[in-house]
Amino acid sequence: MFKRVAGTKDILPPEVFQWQEIEARARRLFAAYAYEELRTPLIEELGLYHRSLGEFTEIVQKQMFVIHNKEESYVLRPEGTASAVRAYLEHSLDKTEGLVKFYYLGPMFRLERPQKGRLRQFHHIGAEVIGSAEPEVDVEVVSLAGRLLSSFGISGYQIQLNTLGCPRDKKKLLGLLYEALKGQAAALCQECRQRLAHNVLRILDCKNEKCQALVRSLGLAHGHLCQECLRHFATVKKGLEALSVSYEVNPYLVRGLDYYTRTVFEIKHCGLGAQDAIGAGGRYDNLVKELGGPDCAAMGFAFGVERLLLALPREEAQGKKAGELVYMVSLGEEAKLKCLQLADVLRRQFVRVAVNLEPKSLKSQMRKANDMGARYALIVGDDELKQGVALLKDMSTGEQKPFPLSGPFPFLPLEQKKI
Ligand code: HAM
């Protein structure tokens, strides 16, 4: 027997109903913000991620699913931002559209050690706004992330906000950190000793207690920021306050990907244990240029869907089925065909219908109707068929009465139901 690959999941009913609900709510809210969907391939050129995420990031160094094929190397996409920028440039949207507001839903792949909330195939719900450096874009993006959580019914989260500054400020910050920490390498964990040489910023969010204590003793503030970046950050904070979005400034917040500049944010949830980040994002004002495009600022975020599901309150986590089901109980060969015909008519009106197609007893078919949570059972037997009637049973009240097969039926099509 084959088994699924470690760190991947099969999503079966009823869990799949939660996924559909989350996706439907996300799509509805993105539409309200005038974001449009982008679908990119699951495989990309390996170089795209080396260039965009940074050679010394954890993803590039340890977590890429690489596929070598003759002279070419591909990778299963570990995130969606680089793909979005690649698509933006490949389709010359910088020339035709200018500002674009994309959203995406789909699987991402990272070769990690699987644990609760950390998978090798996981799913993002993300958004990218490409083509503007205005701080109000940051405000809209961060507040949209918060509104998405509310629309899923999730509370108990905290938005942490920081700014890394422009590339020049970021370089200054790296220098400051290096100078402050190089003499204390012995006090750092083994990994941070390597980070000191290649990725000093990541020392700031190392989970090791000693590293954390050392970092906190540096008393980081925003002293490395230029006037313009300070102004940008102040406008972002003011905008969030104007929209009543709660946040906390965390000057130690950095992100695991090199492309970030200026605003970064992470959303943590108190109920998730070690993997407590349900979503994160920030500005990446240099990435478009880095990937061969014009000087074009951008900002985005992504939620991990598996972590969103862990954070769902119990009543939301039940998931909802697609709508009221009509179960057709068929007793006899002619009845079966009649049921198929009738179902065909109803299904074309988007009524949700399941037809029994097997030679089963009335009792076993009624049990199945019950198990499937049917709202109505329509019982059609060869004898009743001759009189042009069926028995309609309301499964919630138990009431049962003859019903003309010519209709009209009391079933509501799916589209009229509230999701
Ligand atoms: P990220 O922080 O790497 O950012 O991923 C975003 C979210 O994906 C995380 O907060 C977490 O909820 C979820 N996630 C990440 N790795 C895993 C995993 N192995 N298993 C389950 N969930 C996971 C990005 O990917 C950026 N592209 C976000 C962004 C968009 N920044 C700007 N635009």
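Whatever comes next refers back to the structure up there.
The notes below deal with the structure included here.

**So, the site of the ligand**
Part 1 of the reasoning: Contacts to the ligand come from 27 residues, most closely from E79, T81, E112, R255 and Y260.
Part 2 of the reasoning: R255 places a polar side-chain atom, nitrogen or oxygen, 2.7 Å from an oxygen atom of the ligand.
Part 3 of the reasoning: One of the backbone nitrogen or oxygen atoms of F301 is found 3.3 Å away from a nitrogen atom of the ligand.
Part 4 of the reasoning: Contact with the protein chains removes 95% of the 650 Å² of surface that the ligand exposes when unbound.
Part 5 of the reasoning: Contributing elements (two or more residues each) for the shell around the ligand: β6 (121-130), β10 (277-283) and β11 (298-304).
Part 6 of the reasoning: Here the element with the most residues in the shell around the ligand is β10; it accounts for six residues.

**Topic: the nonpolar core**
Part 1 of the reasoning: Core analysis: the biggest nonpolar cluster contains 48 residues, and Y88, I130, I203 and L204 have the highest contact counts within it.
Part 2 of the reasoning: Counting residues per element, the ones that place at least two in this core are α2 (46-53), α3 (58-62), α4 (81-90), β5 (100-109), α7 (167-182), α8 (190-198), α9 (209-216) and α11 (287-290).
Part 3 of the reasoning: The element best represented in this core is α4, accounting for six residues.
Part 4 of the reasoning: The residues contacting Y88, other than those within four sequence positions of it, are L93, D94, G98, V100, I130, G131, V288 and C296.
Part 5 of the reasoning: With 39 residues, the next largest nonpolar core counts L29, A127, V141 and L312 among its residues.

**Re the packing of aromatic side chains**
Part 1 of the reasoning: One pass over the structure, following the stated rule, counts seven aromatic pairs.
Part 2 of the reasoning: Between F30 and Y103 the ring centres are 4.5 Å apart and the planes differ by 10°, which places this aromatic pair in the stacked class. Placement of the pair is F30 in helix α1 (residues 15-32) and Y103 in strand β5, with a sequence separation of 73 residues.
Part 3 of the reasoning: The exposure class assigned to Y103 is buried, which follows from its relative accessible area of 8%.

**What about the pairing of strand β3 (residues 65-69)?**
Part 1 of the reasoning: The pairing of β3 with strand β4 (residues 72-76) spans five bridges and is classified as antiparallel. Directly across from N69, in β4, lies its bridge partner E72.

**Observations concerning the packing of α1 against helix α6 (residues 135-152)**
Part 1 of the reasoning: Close contact between α1 and α6 brings their axes to 10 Å; oriented N to C, the two are set at 140°. The pairing of α1 with α6 is recorded here as oblique in orientation. Judged by the twist between their axes, the crossing of α1 over α6 is right-handed. Residues I22, R25, A26, L29 and F30 of α1 form the contact with α6, whose participating residues are L144, R147, L148, S151 and F152.
Part 2 of the reasoning: Tallied by class, the residues present in the contact of α1 with α6 amount to seven nonpolar, one polar and two charged.

**Notes on the sheet that holds strand β7 (residues 157-163)**
Part 1 of the reasoning: The strand order β1-β5-β6-β11-β10-β9-β7-β8 describes an open sheet built from eight strands, whose pairing is mixed. Here the strands that pair on one side only, and so sit at the sheet edges, are β1 (36-37) and β8 (248-249).
Part 2 of the reasoning: For β7 and β8, the ladder comprises two bridges, and the chain directions are parallel. What sits directly across from Q160, in β8, is E248.

**Considerations on a nonpolar patch on the surface**
Part 1 of the reasoning: A surface patch of nonpolar side chains, about 280 Å² in accessible area, is lined by L337, L340 and L357.
Part 2 of the reasoning: Note that L340 resides in helix α14 (residues 333-348).
Part 3 of the reasoning: In this structure L340 comes out as partly exposed when scored by relative accessible area, which is 39%.

**Quick notes on α1**
Along an α-helix, residues three or four apart share an orientation, since each turn contains 3.6 residues.
Part 1 of the reasoning: With 18 residues, α1 ought to run about 26 Å at 1.5 Å a step, and its terminal C-alpha atoms sit 26 Å apart, in line with that.
Part 2 of the reasoning: Residues of α1 that are buried include every one of F17, Q18, W19, E21, I22, R25, A26, L29 and F30, and no others.
Part 3 of the reasoning: In the segment just after α1, A34 is the residue with positive phi, at about 60°.

**Topic: the side chain of D138**
Part 1 of the reasoning: Examined against the element boundaries, D138 turns out to sit in helix α6.
Part 2 of the reasoning: Its relative accessible area of 0% is what places D138 among the buried residues.

**Overview of the sheet that holds strand β12 (residues 325-331)**
Part 1 of the reasoning: Strand order in the open sheet formed by five strands is β13-β12-β14-β15-β16, and the pairing between neighbours is mixed. One side of each edge strand has no neighbouring strand; the edge strands of this open sheet are β13 (352-355) and β16 (400-404). When the angles between neighbouring strand axes are averaged without regard to direction, this sheet yields 25°.
Part 2 of the reasoning: By the bridge criterion, five bridges tie strand β15 (residues 389-394) to β16 in an arrangement that is antiparallel. Bridge assignment links L392 to a residue of β16, and that residue is K401.
Part 3 of the reasoning: On top of the sheet, helix α15 (residues 362-371) reaches β12, β14 (376-381) and β15; it is set at about 170° to β12, its chief contact.

Definitions and limits used
Residues numbered from 1 in each chain as written. Predicted model: local features only at pLDDT ≥ 70, side-chain atom pairs only at ≥ 80, totals over all residues. Heavy atoms only, no water. Near = heavy atom within 4 Å. Polar contact = N/O pair within 3.5 Å; in protein donor to acceptor, adjacent residues only side chain to side chain. Areas by Shrake-Rupley, 256 points an atom, 1.4 Å probe, with all protein chains shown as cover. Helix = DSSP H or I, 4+ residues; strand = E, 2+ residues; numbered from the N terminus. Core = buried A, V, L, I, M, F, W, Y, C linked by side-chain atoms within 4.5 Å. Buried < 20%, exposed > 50% of the residue type's maximum accessible area, 1.4 Å probe, protein only. Contact = heavy atoms within 4.5 Å. Phe/Tyr/Trp six-rings, centres within 6.5 Å; stacked < 30°, edge-to-face > 60°. Pairing = 2+ DSSP bridges. Axes fitted to C-alpha atoms, helices over the stretch in contact; angles between N-to-C directions. Parallel < 35°, antiparallel > 145°, perpendicular 65-115°, else oblique. Left-handed = near helix turned anticlockwise from the far one by under 90°. Nonpolar A, V, L, I, M, F, W, Y, C, P; charged D, E, K, R; others polar. Patch = residues over 30% accessible without salt bridge, like charges linked within 9 Å, V, L, I, M, F, W, Y side chains within 5 Å. Salt bridge = Lys/Arg side-chain N within 4 Å of Asp/Glu carboxyl O. Expected span 1.5 Å × (residues − 1).

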